[in-house]
Amino acid sequence: MKHLRDLKHANLDSDSLVTIGVFDGVHLGHQQLIQRLVDSARGSGRKAIVLTFYPHPDKVLDKVKTRYYLTTPEKRAELLLNLGVDLVITHPFDDETRHLPAADFIELLARYLRLKELWVGADFALGFQREGDVRFLQAQGKKRGFHVRAMELITTQASRQLIRSSTVRDHVRKGNMTAAAAMLGRAYTLEGVVVAGERRGRTIGVPTANLDVWPEQLIPANGVYATWARLGGETFPAATNIGLRPTFAGDAVTVEAHLLDFDRDIYGGRLELTFKKRLRREQKFSGLDALVGQIQADIAAVRSILQPEEST
């Protein structure tokens, strides 16, 4: 019962403290709110519950057609549970939820979650046309016997910029992985199954693992990255290329990782890439010799960036 897919499937035997939001990426702002929620729940003998949604309301309301999510729903739930919450509910954001009045949604929380405290960000709102802002929720709390805690948004230490999922997305789209990591509190990751590609890398002595990434997850900007590749319980430094492979006139974006000092058949295996730094933009080369020369320079750069980290 750690992760449910519908609010109405909850059957609690004690009162709860609840926070609601999409929590895409589970960035440092989300983490701070949830850790305080968990600490308060432990101190009061209540359950700590996170209620989130899928699909993202932006995908439903704004008709976003492109890749958008920072995490899969499963990875998001895993990250949230790792913060110590008792239950994650990924509620469907369907047409019924979209048009549900805020007061009716609060009624569901009271009925299924035994709500005693609702923890939200200061700019939070729920319900049809976002009518359920903090002031509305506080009025509902007085009627129904629960308390509302509105938390101020937090900023990064370096730039004092508000930490938002939308800002993290902007950094990832631009390939600024250091800035994205500063807001996430960890490096950005992609995960997927290794699938067969055109096998060009092997013919030039640089075999790559082609990753089949969830089609809804945001992929960093085209270019070459220093990444960690996790395969089962093992981790390897990797030079990862994202892009169209213009030297070969490619027409579809691929994610290809060259695992350093590695030579195994891993087709069908699940691989997780952790993005540490963008080395360069994608570029077209005059021929194979120029391409191979640059790839070797990229590999040397990956070793320089990642191997000191590996030894710490």
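Note that the coordinates shown come from a computational prediction; the quantities given were computed from them, not determined experimentally. (Residues numbered from 1 in each chain as written. Predicted model: local features only at pLDDT ≥ 70, side-chain atom pairs only at ≥ 80, totals over all residues. Heavy atoms only, no water.)

1. Overview of the overall build of the chain
What the chain contains, in helices and strands, is 10 helices and 14 strands. When the backbone C-alpha atoms are referred to their principal axes, the chain occupies close to 75 × 40 × 40 Å. Looking at the 312 residues of the chain, the share that counts as buried comes to 48%. Intrachain contacts of the chain at a sequence separation of at least 6 include 72% that bridge at least 24 residues. As presented, the chain carries roughly 15,200 Å² of accessible surface, and 48% of it is formed by carbon and sulfur atoms. (Helix = DSSP H or I, 4+ residues; strand = E, 2+ residues; numbered from the N terminus. Buried < 20%, exposed > 50% of the residue type's maximum accessible area, 1.4 Å probe, protein only. Contact = heavy atoms within 4.5 Å. Areas by Shrake-Rupley, 256 points an atom, 1.4 Å probe, with all protein chains shown as cover.)

2. Regarding helix α3 (residues 73–82)
Since the α-helix turns once every 3.6 residues, residues separated by three or four places project in the same direction. Considered for burial, the residues of α3 that qualify are P73, R76, A77, L79 and L80. Within α3, the buried residues cover an arc of 160 degrees as seen down the axis, which keeps them to one side. In this structure, the buried residues of α3 make contact with β1 (3–4), α1 (28–44), β3 (47–54) and β4 (87–92). Note on α3: the residue one or two positions beyond its end, G84, has a positive phi of about 105 degrees. (Arc of directions from axis to C-beta.)

3. Some details on the environment of V60
Within the fold, V60 resides in helix α2 (residues 57–61). Sequence separation between V60 and R98 is 38 residues, and the spatial gap between their C-alpha atoms is 8.6 Å. Setting aside anything within four residues of it in sequence, one finds V60 in contact with P55, F93 and R98.

4. Observations regarding the pattern of salt bridges
Within the structure shown, the criterion is met by 18 salt bridges. A salt bridge links E216 to K59; the shortest N-O distance between them is 3.0 Å. Taken together, the residues span a long stretch of sequence, with E216 in the loop between β10 (209–213) and β11 (223–231) and K59 in helix α2 at a distance of 157 residues. Between R173 and D170 there is a salt bridge, and its shortest N-O distance comes to 3.3 Å. (Salt bridge = Lys/Arg side-chain N within 4 Å of Asp/Glu carboxyl O.)

5. Quick notes on the packing of helix α5 (residues 102–113) against helix α6 (residues 134–144)
Following both chains from N to C, one finds α5 and α6 inclined at 50 degrees, their axes separated by 11 Å at the closest point. One element, α5, and the other, α6, form an angle in the oblique class. Every pair of crossing elements has a handedness; the one defined by α5 and α6 is right-handed. Where α5 abuts α6, its residues A102, A103, I106 and E107 lie against F136, L137, Q140 and R144. Grouping the constituent residues of the contact of α5 with α6 by class yields five nonpolar, one polar and two charged. (Axes fitted to C-alpha atoms, helices over the stretch in contact; angles between N-to-C directions. Parallel < 35°, antiparallel > 145°, perpendicular 65-115°, else oblique. Left-handed = near helix turned anticlockwise from the far one by under 90°. Nonpolar A, V, L, I, M, F, W, Y, C, P; charged D, E, K, R; others polar.)

6. Details of the pairing of strand β5 (residues 115–121)
Counting buried positions over the seven residues of β5 gives six, a clear majority of the element. As judged from the four bridges shared by strand β2 (residues 16–20) and β5, these two strands associate in the parallel manner. Pairing of T19 across the sheet is with W119, part of β5. Relative to strand β8 (residues 147–151), β5 is paired through five bridges, and the arrangement is parallel. Bridge pairing links V120 to A150 in β8. (Pairing = 2+ DSSP bridges.)

7. Concerning the nonpolar core
Among the nonpolar cores identified, the biggest contains 32 residues, and Y188 and L271 are the most heavily contacted of them. Counting residues per element, the ones that place at least two in this core are α7 (165–174), α8 (177–184), β9 (188–195), β10, β11, β12 (234–243), β13 (254–259) and β14 (270–280). With four residues, the top contributor of residues to this core is α8. In contact with Y188, not counting residues within four places along its chain, are Y69, L70, V172, M177, Q217, L218, P220, L273, T274 and F275. Grouped together as the second largest cluster of nonpolar side chains are 29 residues, L4, L51, L113 and L118 included. (Core = buried A, V, L, I, M, F, W, Y, C linked by side-chain atoms within 4.5 Å.)

These values are about where atoms sit, not about what they do.
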